[in-house]
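Observations on chain architecture
The lines below spell out each chain.
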Amino acid sequence: MTAAPDAASPPQDPAQPRLLAVLAIGQVLGGTAVATSIAASSLVASRLSGSPAVGGVASTASVLGAAGAAAVVARVAQARGRRPALVGGHLVGLLGAVGAVVAATTGSVALLLVSLLLIGSGTAVGLAARYAATDLAAPARAGRALALVVWATTVGAVAGPNLLGPPAAVAVSAGLPGVAGPYLLCAVAFALAALTGWLGLRPDPLLRAREHAGTPATAPGAAAVRPWAVLRASRPALLGAVGIVLGHAVMVGLMSMTPVHMDHGGAALSVVGLVISLHIAGMYALSPLFGWLADRLGPARVLAGAGVLLPLAGVVCALAAPTATGLLSVGLVLLGLGWSAAVVGGSAQLTASLAVADRPRVQGWVDVAMNLAGAAAGIVAGVLVTVSSYALLGALVVVATVPFLLVVARPARTGRPAAG
């Protein structure tokens, strides 16, 4: 039997506003590092190897690194608290960025791929930070706290890819190849993020939450928490986890093949970039609204909203010809909004359904599943579009998400608004 969520939730801790600001700053810095790496790595790997296929492997390396790091970050948080977990994850990302600088300088593709695995730790930290935001939040404001940290990712996601030029110039002036420049920026951003967390996450939000709940401040028996057993014992927690994993898989699969679909219609790169930018805006821009709705109406209703938005996105994209830029833009915005609702609503419901002692381990396990599902969805989507069509991929999104809506909508109708 797993422990029930703590019945007597304390009011918001006085340290919460400052800790939330620290987490948001760390998210901006870490997000900048990760987005810069994502923007540069496929190109750098292709140039070093002379093969576009290796560029695709580079992207996969970061995703797999994020999945592996999510498990480690969760174990450290379970045993030691959020501060060492988040800071340690950023330091691993820093090590990866330094390794990538060396790889770009020496022309070593193998070292670059290993370094990208380590840089994936930054993605895992970004995901874990959204949970850290809820540790000391008042129950009626937990969704907004979580969504604020998700929203802060927007700054880094937008800034990183647009900062590739100046670091390349700095690298050249330092006698390094220009392709090493983006990783210099990654290293600086990861170092500042680690320093921000080390200095600012005092008190440790998870350890303070355990004090409020009357549980031991440290939990050396991390392995004693069995995530699947915990999720099976709580239907709301399981639905939250499924929403996160399903929403991410659907988003990655459909989004990753949209540029290919548009390319079949002869779309210019600038047009493809615009559609993807609108999609990213949909992912992050309204996350505070979904957080507010989770607090006011309950996270189950936000999950039900995701269950409407995701299949609707699939329908719109399935009907869009490669030249239908406007319709594809609508579909990708709906897809981004559905992802945001699934991640914010699912994360809020998962956290609210877990006892403090179980949270880090289960949250990390769900994030591992989320990253692996995204990687698998990208591969499956590529195969489907290759052997059939983008329209079939959109139809499959509908088939995959409508059952989730049917399951989650019933508790959403009967859920009661949170107080506050």
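Read on for a plain summary of the structure. (Residues numbered from 1 in each chain as written. Predicted model: local features only at pLDDT ≥ 70, side-chain atom pairs only at ≥ 80, totals over all residues. Heavy atoms only, no water.)

Notes on the overall build of the protein
Convention followed: Elements are defined by DSSP. Helices are runs of H or I of four residues or more, strands are runs of E of two residues or more, and each kind is numbered from the N terminus. For this measure, only C-alpha atoms enter the radius of gyration; the expected value for a globule follows 2.2 Å times N^0.38, where N is the number of residues. Partly exposed describes any residue whose relative accessible area lies between the buried limit of under 20% and the exposed limit of over 50%, with all areas from a 1.4 Å probe on protein chains only and scaled to the type maximum. The criterion used for residue contact is that any of the two residues' heavy atoms lie within 4.5 Å. Residue burial considers only the protein chains on display, and all accessible areas are found by Shrake-Rupley using a 1.4 Å probe.
Within the protein, the secondary structure is distributed over 16 helices and zero strands. Its C-alpha radius of gyration of 21 Å places the protein within 12% of the 22 Å reference for a compact globule of 420 residues. Taking the principal axes of its C-alpha atoms as reference, the protein extends roughly 60 × 50 × 30 Å. Counting only residues that meet the buried cut, the protein has 52% of its 420 residues in that class. Sequence separation of at least 24 residues holds for 84% of the intrachain contacts in the protein that already meet a minimum separation of 6. Element-wise, carbon and sulfur atoms account for 73% of the exposed surface of the protein, whose accessible area totals about 16,600 Å².

Describing the pattern of salt bridges
Spelled out, the test is: Only one rule defines a salt bridge in this text: a Lys or Arg side-chain nitrogen within 4 Å of an Asp or Glu carboxyl oxygen.
For the coordinates displayed, the defined rule picks out five salt bridges. Residues aspartate 135 and arginine 82 are paired through a salt bridge, measuring 2.7 Å at the closest nitrogen-oxygen approach. Placement of the pair is aspartate 135 in the loop between α4 (109–132) and α5 (142–159) and arginine 82 in helix α3 (residues 82–106), with a sequence separation of 53 residues. Considered together, aspartate 135 and arginine 82 belong to a single accessibility category, that of buried residues. In this structure, aspartate 367 and arginine 130 form a salt bridge, with 3.0 Å as the shortest nitrogen-oxygen distance. You can see aspartate 367 sitting in helix α15 (residues 359–387) and its partner arginine 130 sitting in helix α4, a full 237 residues away along the chain. Pair check on accessibility: aspartate 367 and arginine 130 agree, each one buried.

Comments concerning the side chain of aspartate 367
Accessibility expressed as a relative area gives 3% for aspartate 367, which makes it buried. Excluding residues that lie within four positions of it along the chain, aspartate 367 makes contacts with Ala70, Leu127, Ala128, Arg130 and Tyr131.

Side note on the environment of leucine 406
Relative to the elements of secondary structure, leucine 406 occurs in helix α16 (residues 390–414). A sequence separation of 102 residues divides leucine 406 from alanine 304, and the C-alpha atoms of the two residues are 8.5 Å apart.

Observations regarding the packing of aromatic side chains
The condition is simple: Two rings belonging to Phe, Tyr or Trp (six-membered ring only in the last case) form a pair when the distance between their centres is within 6.5 Å. Interplanar angles under 30 degrees mark stacking, angles over 60 mark edge-to-face geometry, and anything in between is tilted. The rule is short: NZ of Lys or CZ of Arg within 6 Å of the ring centre and within 35 degrees of the ring normal puts a charge over the ring.
Counted by the stated rule, this structure contains two aromatic pairs. For the pair tryptophan 228 and tryptophan 365, a centre-to-centre distance of 6.3 Å together with 35° between the ring planes defines the contact as tilted. Within this pair, whereas tryptophan 228 is found in helix α9 (residues 227–232), its partner tryptophan 365 is found in helix α15, the two being separated by 137 residues in sequence. Its relative accessible area of 36% is what places tryptophan 365 among the partly exposed residues. Each ring, one from tyrosine 284 and one from tryptophan 339, has its centre 5.5 Å from the other, and the planes form 75°; the classification is edge-to-face. Taken together, the residues span a long stretch of sequence, with tyrosine 284 in helix α11 (residues 269–284) and tryptophan 339 in helix α14 (residues 325–352) at a distance of 55 residues. Classification of tyrosine 284 as buried rests on a relative accessible area of 13%. For tryptophan 339, a relative accessible area of 5% puts it in the buried group. Directly above the aromatic system of tryptophan 198 lies the positively charged group of arginine 83, at a separation of 3.7 Å from the ring centroid. If you follow arginine 202 out to its NZ or CZ, it ends over the ring of tryptophan 198, 5.6 Å from the centre.

Describing the nonpolar core
Counted only if it meets this: Take the buried Ala, Val, Leu, Ile, Met, Phe, Trp, Tyr and Cys residues and link them wherever side-chain atoms come within 4.5 Å; each set so joined is a nonpolar core.
Residues Leu335, Leu350, Tyr390 and Leu393 are the most contacted members of the largest nonpolar core, which totals 59 residues. Here leucine 393 is in contact with Gly253, Leu254, Met257, Ala381, Leu384 and Val385, once residues within four sequence places are set aside.

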